[in-house]
Amino acid sequence: MNAVLAVKQYVSKMIEDSGPGMKVLLMDRETTGVVSMVYTQSEILQKEVYLFERIDSFHRETMKHLKALCFLRPTKENVENLIQELRRPKYSIYFIYFSNVISKSDVKSLAEADEQEVVAEVQEFYGDYIAVNPHVFSLNLLGCCQGRNWDPAQLSRTTQGLTALLLSLKKCPMIRYQLSSESAKRLAECVKQVITKEYELFDFRRTEVPPLLLILDRSDDAITPLLNQWTYQAMVHELLGINNNRIDLSRVPGISKDLREVVLSAENDEFYANNMYLNFAEIGSNIKNLMEDFQRRKPKEQQKLESIADMKAFVENYPQFKKMSGTVSKHVTVVGELSRLVGERNLLEVSEVEQELACQNDHSSALQNVRRLLQNPKVTEFDAARLVMLYALHYERHSSNSLPGLMTDLKNRGVSEKYRKLVSAVVEYGGKRVRGSDLFSPKDAVAITKQFFKGLKGVENVYTQHQPLLQETLDQLIKGKLKDSQYPYLGPNTLRDRPQDIIVFIIGGATYEEALTVYNLNRTNPGVRIILGGTTIHNTKSFLEEVTASGFRGRSTEGSQVTPRSSSRR
């Protein structure tokens, strides 16, 4: 179960099937992202693909010496553009691959447009999702619901993305969903409909234990996407933002031109692959080792190039050296910028209080610490509002709830109304009334004992004590203890054995902290393979955009108690 490999194999097969000769790859906006996540441009160039074009760019030159590989989503617009293309073909021969199921009527329209008989083949290759890591995928959709209900267009796109993932991994799963979420049930039904309708496509070799698809809702855990992160990949996304593996560094003071945008991909960056799940302190020392290694290997300026053999050795080592030099400067820049932001925004202190709000149950200490940080001028309005959101979610029903006072502190501090409103919006989105699970208190004697011992031992790292709710949900699932009453099966069949292949999908977006959870569960549970997907991958900023886009606007905060009632109950 490897999402990156699945998409990579599709792209390789497209290129191989077209035979030798120069090729153009014709894509749309979304498939361009899909391909760029698994192949670099230079890797594809080596496979005789010399041109990359968009199907919706109409000023392309006619190049009859090129074969066209079309990799497109089966949308109405793409089919229409393809019909126009085939009526006046710009290339010698067309190999057409749709990233999902295409209707017979659309194939018929394409055949009618192909009067010059330039189409060699039409196939479905199910790379209809963004493969972020081998065990993580995303659909890059923001604001998938309106209130508690799906936006119909987003539901359709999510169903397509999720069924494509299942087809690409050759899995026909049993489905479980979070009962407290209407949208989880709706998505489960839509996926089931596709599996039933396209039963021939889903007719894979039966495994002893059927795979399992578990559909969850972000609103069950609104804490995880609000926390600062301290492992490399998650931290880069939180502080700089990762968009299809690209990081925009143009705002970094004194940045050089060639580092304004960098790519971080575990597929072709060994340092990143080895460090993406390590915490910030370890990365600092690993960067130092990388630098020292680089210094040792650096071609000596005065290196004598006397013989042909010397020159040959220099030229052979140069690309390796150049690649290493690019890697070094990229990571030094990224880590340097993270470090600058941590200092400038006082994030060590902020994060410590965030972790206390997420993991401890001492109300008076938490309140005191939040108040203290709200007085600190180094703390940004974004971080100040985030602390109050975490407080509001945790102590929503506490007898000494002091939210109105904290809201006044935010206002006096000059925090914009946009952020103040978001406090009540977040509670409306993921507060106690909405959640199907108990986010803050340990459920049973074992968990309480664990927490007690944890308290005695002290946490190894005060900044990473939080575990996403997903950790517990998957742990229960792997042990066969996840309650049917909270996570029912769709349909009459249930799984008798413990699941082995698990696909978890979070409506409203997953996070890199949850990706780390899944990575660790895969490592520590031999025989269990888990893949995590979400409508998108959130950092705090995009999560708050999700809340707003879903129609939770919050209310004006002047002197009101925050226990909002949203119109549509779950």
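Residues numbered from 1 in each chain as written. Predicted model: local features only at pLDDT ≥ 70, side-chain atom pairs only at ≥ 80, totals over all residues. Heavy atoms only, no water.

### Thoughts on a nonpolar patch on the surface
Under the convention used in this document: Here the term patch refers to residues with relative accessible area over 30% and no salt bridge, with like charges joined within 9 Å and nonpolar side chains (Val, Leu, Ile, Met, Phe, Trp, Tyr) within 5 Å. In these tables, accessible area is a Shrake-Rupley quantity obtained with a 1.4 Å probe, and a residue counts as shielded only by the protein chains included in the view. Here, a salt bridge means any side-chain nitrogen of Lys or Arg that lies within 4 Å of a carboxyl oxygen of Asp or Glu. Secondary structure elements follow DSSP: runs of H or I no shorter than four residues count as helices, runs of E no shorter than two count as strands, and numbering proceeds from the N terminus.
On the surface, Met22, Leu45 and Tyr50 cluster together into a nonpolar patch covering about 270 Å² of accessible area. Looking at the secondary structure, you find Tyr50 in strand 2 (residues 49–54).

### What about the sheet that holds strand 4 (residues 93–98)?
Convention followed: Strands are labelled as partners when DSSP assigns at least two bridges between them. For every element, the axis is a line fit to its C-alpha atoms; helices are fit only across the contacting stretch, and the angle between N-to-C directions ranges from 0 to 180 degrees.
If you walk across this open sheet you meet the five strands as 2-1-3-4-5, and the pairing is parallel. Edge strands, defined here as strands with exactly one partner in the open sheet, are strand 2 and strand 5 (119–124). Neighbour-to-neighbour, the strand axes of the sheet open up by a mean angle of 15 degrees, direction not taken into account. Direction of pairing for strand 3 (residues 67–72) relative to strand 4: parallel, over a ladder of six bridges. Among the inter-strand pairings, Leu69 is bridged to a residue of strand 4, identified as Phe95.

### Quick notes on the pattern of salt bridges
Test applied: For the exposure calls, accessible area comes from a 1.4 Å probe over protein chains only, and a residue counts as buried if that area is under 20% of its type's maximum, exposed if over 50%, partly exposed in between.
Counted under the stated rule, the structure contains 26 salt bridges. Arg386 serves as the salt-bridge partner of Glu238, at 3.3 Å between the closest nitrogen and oxygen. Here Glu238, found in helix 8 (residues 232–239), pairs with Arg386, found in helix 14 (residues 381–394); they are 148 residues apart in sequence, far enough to count as distant. Grouping residues by exposure puts Glu238 and Arg386 together as buried. Residue Arg386 pairs with Glu354 through a salt bridge whose shortest N-O separation is 3.4 Å. Remark: Glu354 occurs in helix 12 (residues 347–359) and Arg386 occurs in helix 14; sequence separation between them is 32 residues. Here the two residues Arg386 and Glu354 agree in accessibility, since each one is buried. Through salt bridges that share partners, Glu238, Arg345, Glu354, Asp383 and Arg386 make up one connected network.

### As for the nonpolar core
Let me state the cut-off plainly: Nonpolar cores were defined as sets of buried Ala, Val, Leu, Ile, Met, Phe, Trp, Tyr and Cys residues, with membership established by side-chain atoms within 4.5 Å. Contacts: residue pairs with any heavy atoms within 4.5 Å of one another.
Counting 161 residues, the largest nonpolar core has Tyr129, Ile215 and Leu474 as its most contacted members. Once residues lying within four places of it in the same chain are set aside, the contact partners of Ile215 are Leu162, Ile175, Arg176, Tyr177, Gln178, Ala184, Leu187, Ala188, Phe505 and Ile507. Core analysis: the second largest hydrophobic core is formed by 19 residues, Val24, Ile55, Ala68 and Tyr91 among them.

### Describing the packing of aromatic side chains
The description of two aromatic rings rests on the distance between their centres and on the angle between their planes. We count it as follows: The pairing test for Phe, Tyr and Trp rings, Trp by its six-membered ring, is centres within 6.5 Å, and the orientation test on the planes gives stacked under 30 degrees, edge-to-face over 60, and tilted for anything in between. Any Lys NZ or Arg CZ that is within 6 Å of a ring centre and within 35 degrees of that ring's normal is treated as a charge sitting over the ring.
In total, this model carries 14 aromatic pairs according to the counting rule given. When the centroid spacing of 6.4 Å and the interplanar angle of 55 degrees are considered together, the rings of Trp230 and Phe280 count as tilted. In this pair, Trp230 is assigned in the loop between strand 11 (212–217) and helix 8 and Phe280 in helix 10 (residues 280–297), connecting sequence segments 50 residues apart. Comparing Trp230 with Phe280, the two get one shared label, buried. An aromatic cluster of at least three residues, connected via ring pairs, comprises Tyr10, Tyr97 and Phe125. Of note, Lys8 hangs over the ring of Tyr39, and the distance from its end group to the ring centre comes to 5.2 Å. Here the guanidinium or amino end of Lys418 rests over the ring plane of Tyr419, the centre of that ring lying 4.9 Å away.

### A word on the sheet that holds strand 17 (residues 529–534)
In sheet architecture, strand pairing relies on hydrogen bonds along the backbone and comes in two forms, parallel and antiparallel. One open sheet holds the six strands; their spatial order is 6-7-17-15-11-10, and the pairing between them is mixed. The sheet is open, and its two edges are formed by strand 6 (130–133) and strand 10 (174–177), each paired on a single side. When the angles between neighbouring strand axes are averaged without regard to direction, this sheet yields 25 degrees. Judged from the three bridges that link them, strand 7 (residues 136–138) and strand 17 form a sheet pairing that is parallel. Within the sheet, the bridge partner assigned to Val136 lies in strand 17 and is Leu532.

### Here we look at the packing of helix 16 (residues 417–430) against helix 20 (residues 540–549)
What counts here: The labels follow the angle: roughly parallel below 35 degrees, roughly antiparallel above 145, roughly perpendicular from 65 to 115, and oblique for the rest.
Orientation of helix 16 relative to helix 20, taken along the N-to-C sense of each, is 75 degrees, at an axis distance of 10 Å. Compared by their axis directions, helix 16 and helix 20 come out roughly perpendicular. Mapping the contact onto sequence places Leu422, Ala425, Val426 and Tyr429 in helix 16 and Phe543, Leu544, Val547 and Thr548 in helix 20.

### Brief notes about unusual backbone geometry
The backbone of Glu48 shows a phi angle near 70 degrees, a positive value even though the residue is not glycine. Inspection of the secondary structure assignment puts Glu48 in the loop between helix 3 (41–45) and strand 2. Of the residues examined, Glu48 reaches a relative accessible area of 29% and is grouped as partly exposed. One non-glycine residue, Asn140, adopts positive backbone phi at about 50 degrees. Relative to the helices and strands, Asn140 is located in the loop between strand 7 and strand 8 (145–146).

### Considering helix 13 (residues 363–374)
The test is simple: A helix is expected to span 1.5 Å multiplied by its residue count minus one. Working note: the arc is built from the helix axis to C-beta atom directions. In protein, a polar contact means a hydrogen-donor-capable atom and an acceptor-capable atom, both N or O and within 3.5 Å, with residues adjacent in sequence counting only if both atoms are side-chain atoms; elsewhere, any N or O pair within 3.5 Å suffices.
Relative to the 16 Å expected for 12 residues at 1.5 Å per residue, helix 13 spans 16 Å between its end C-alpha atoms, a close match to the ideal helical length. Within helix 13, the full set of buried residues consists of His363, Ala366, Leu367, Asn369, Val370, Leu373 and Leu374. Projection of helix 13 onto a plane perpendicular to its axis shows the buried side chains occupying an angular sector of 165 degrees, all on one side. Opposite the buried face of helix 13, at more than 90 degrees from it, the exposed residues are Ser364 and Gln368. Tucked into the core, helix 13 has its buried residues touching helix 12, helix 14 and helix 15 (403–412). The opening residue of helix 13, the one whose side-chain oxygen lies 3.4 Å from the backbone nitrogen of Ser364, is Asp362.

### Notes on the side chain of Glu546
Stated precisely, the cut-off is as follows: All tallies of charge rest on Lys and Arg as positive and Asp and Glu as negative; His and the ends of each chain are not included.
In this structure, Glu546 sits in helix 20. Buried and without a salt bridge, Glu546 has Arg218 as its closest oppositely charged side chain, separated by 8.9 Å. Looking at Glu546, its side chain comes within polar contact range of the side chain of His538, at 3.2 Å. Apart from residues no more than four positions distant in its own chain, Glu546 is found in contact with Leu141, Leu142, Gly143, Cys144, Gly508, Thr536 and His538.

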